[in-house]
Amino acid sequence: MDIDLTALRRQAKLLRKAYRGADADAEVRVRAVLGAKPAAAHADFLHVVAVEAGAASWPRLKFAAETAAMSRADRAQRLKMALYFGQNWVVEALLAEDPDLPRDRLDLQIALYDLPAVEAAIARDPTVATRAIGPRVPLLHLAFSQYLHMAPERAPAMLRIADLLLAAGADVNLGFAPDPDAPHRLSPLYGALGHARNLALGEWLLRHGANPDDDESLYHATEFGDARALRLLLAHGANPDGTNALNRALDFDDLEMVTMLLKAGAQTAEALPLHPSGEPMTSVPALHQAARRWCGAPVVRALLDHGADPALRWQGLTAHAVARVYGNDAAAEALAQAGHAEPLPPTVAALAACARGSAPDARLSSQDLAPELRLLPCRIAARPERLAHLRALLLAGLDPETRDEMDLTPLHVAGWEGLPEQVAYLLEFAPDLARENAYGGDALGTVIHGAEFCPARRSRDHVTCARLLLKAGAVLRPREIAETGSAAMAAFLEDWSAEMD
């Protein structure tokens, strides 16, 4: 299909001009596509011309044009990545354009749960079941595929493929290193539970001998959205010691998961294995983690009931003090009721006042604060309800461009979380929009990534965050439009790009 995007963009601009001039033909064209909805943004006119050209939307039309220029091998590789990252609209578009794309690609056939094709391939040559395709063996292509969420009716075929691979010699514990510097390998079990959120395959793997203690699965099971994956792993003997799974469960204030882990023996102040550098890594004590993750009184009481030490100090602070500086009133009150409150030193008391939205009279020096307290702007920027707290901290003198452990600034954090009010406020400090974090993303790239992967993305507004950054001078790179798996973000970025032409 030959698609002239330049000509279609020009048509959309002409249509917009005619429509805004009350041209009758333009109104008819717009109404035929949008119905009673008035066309407001340039994206509306792009949508109209895309539908007139036979596409479902402008991003789909643009994607079709871009993929048409790719080689077949490149389109197949794009499909592979879309299945890995769960970019359903990309999978749909590629297969709609070329349903035969997975032919002769066992990795794609496995990831798409194409049972007849996999059966035929193994029947011809059983060794394909254990031979790596790229960096991953076939069972890993199955485990890391997110196609189940697009085609849940294919679950029986998926499990039958797993049976076939196992019968042909597949190792349920053979993982892969995502990069040469990775300290350990990512197992099929992690792929199923931690990456693809595929409970059925995770259960199958455990029944067939997968090791529940693979250094990743238990931790990431807390991110599943409910306790099913965690319950499954614990039922198969997973040991929480050294995994930091308890603290990850505390990130979500999930009493059920926290209680399950405590009953399974999770330590409330555990020592983690050595860092690759040889230095010991110490987890944040559980009570402190609960305080700084805004856990409520039930979780705090559960930790106390399981032996958490309220007198323990972390970076010189008790859990009660941490709760006060984070504005976690529920945790602070629960600790106080249990007899574990204490007077706060002046600097900590000033930060506690910031948590109530009141900046202290005297400015604070970040250099005089414990490392965790210097990072308060990064921590607070992730919370939609803490804008007044963030304002007070920065008015008190904390650095608006401080960097956390992953080199994320408060602006990066707020953008990833899709919080426009926080982004707009932080832009008042004229931050460096090109500054990159440890993942290689600048401020705009972090927002675009968050639109696809932030756990709270469905209730947030990443598009408005991106618009604020672009208006402030952020640079939009063409590949960021092409690679985003969020259809809404892709549409907005394409609209912005067209407006700037």
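Worth saying up front: this structure is predicted, and the values here are computed from it rather than measured.

Conventions used here
Residues numbered from 1 in each chain as written. Predicted model: local features only at pLDDT ≥ 70, side-chain atom pairs only at ≥ 80, totals over all residues. Heavy atoms only, no water. Helix = DSSP H or I, 4+ residues; strand = E, 2+ residues; numbered from the N terminus. Rg over C-alpha atoms; globule rule 2.2 N^0.38 Å. Buried < 20%, exposed > 50% of the residue type's maximum accessible area, 1.4 Å probe, protein only. Contact = heavy atoms within 4.5 Å. Areas by Shrake-Rupley, 256 points an atom, 1.4 Å probe, with all protein chains shown as cover. Lys, Arg positive; Asp, Glu negative; His and termini not counted. Charge placed at Lys NZ, Arg CZ, Asp CG, Glu CD. Axes fitted to C-alpha atoms, helices over the stretch in contact; angles between N-to-C directions. Parallel < 35°, antiparallel > 145°, perpendicular 65-115°, else oblique. Left-handed = near helix turned anticlockwise from the far one by under 90°. Salt bridge = Lys/Arg side-chain N within 4 Å of Asp/Glu carboxyl O. Polar contact = N/O pair within 3.5 Å; in protein donor to acceptor, adjacent residues only side chain to side chain.

Engineer: Explanation requested: the overall build of the chain in the structure shown.
Structural biologist: A tally of helices and strands in the chain yields 30 helices and two strands. Rg of the C-alpha trace for the chain: 26 Å, near the compact-globule value of 23 Å for 501 residues, within the 12% margin. Once the C-alpha set of the chain is aligned to its principal axes, its extents read approximately 70 × 65 × 40 Å. Burial statistics for the chain: of 501 residues in total, 52% are counted as buried. Summarising the internal contacts of the chain: among those between residues at least 6 apart in sequence, 68% fall at separations of at least 24. Taken as a whole, the chain presents about 22,300 Å² of accessible surface, with 52% of it coming from carbon and sulfur. Taking the average place of the 50 positive charges on the side chains of the chain and the average place of its 65 negative ones, the gap between the two points comes to 3 Å.

Engineer: Got a minute to help me understand the packing of helix α1 (residues 5-20) against helix α2 (residues 24-34) in this structure?
Structural biologist: Any two packed helices are characterised by the angle at which their axes cross and by the distance between the axes. Their axes nearest at 8 Å, the elements α1 and α2 cross at an angle of 115°. As the angle between them shows, α1 and α2 are arranged roughly perpendicular. The handedness of the crossing between α1 and α2 comes out as left-handed. Here α1 contributes Q11, L15, A18 and Y19 to the contact with α2, which in turn contributes A26, E27, R29 and V30.

Engineer: Could you clarify how one ought to interpret the side chain of E216 in this entry?
Structural biologist: Tracing the backbone shows E216 in the loop between α12 (199-207) and α13 (217-221). No salt bridge is formed by the buried E216; its nearest oppositely charged neighbour, R248, is found at 9.8 Å. A distance of 3.0 Å separates a polar atom in the side chain of E216 from a polar atom in the side chain of H220. Not counting residues within four places of it along the chain, the set of residues in contact with E216 comprises H184, L186 and Y190.

Engineer: Would you explain the environment of N328 in this entry?
Structural biologist: Looking at the element boundaries, N328 is found in the loop between α19 (319-326) and α20 (329-337). Looking at N328, the relative accessible area reads 3%, which means it is buried. Apart from residues no more than four positions distant in its own chain, N328 is found in contact with A290, A291, W294, C295 and A323. At 3.1 Å, the side chain of N328 forms a polar contact with the backbone oxygen of C295.

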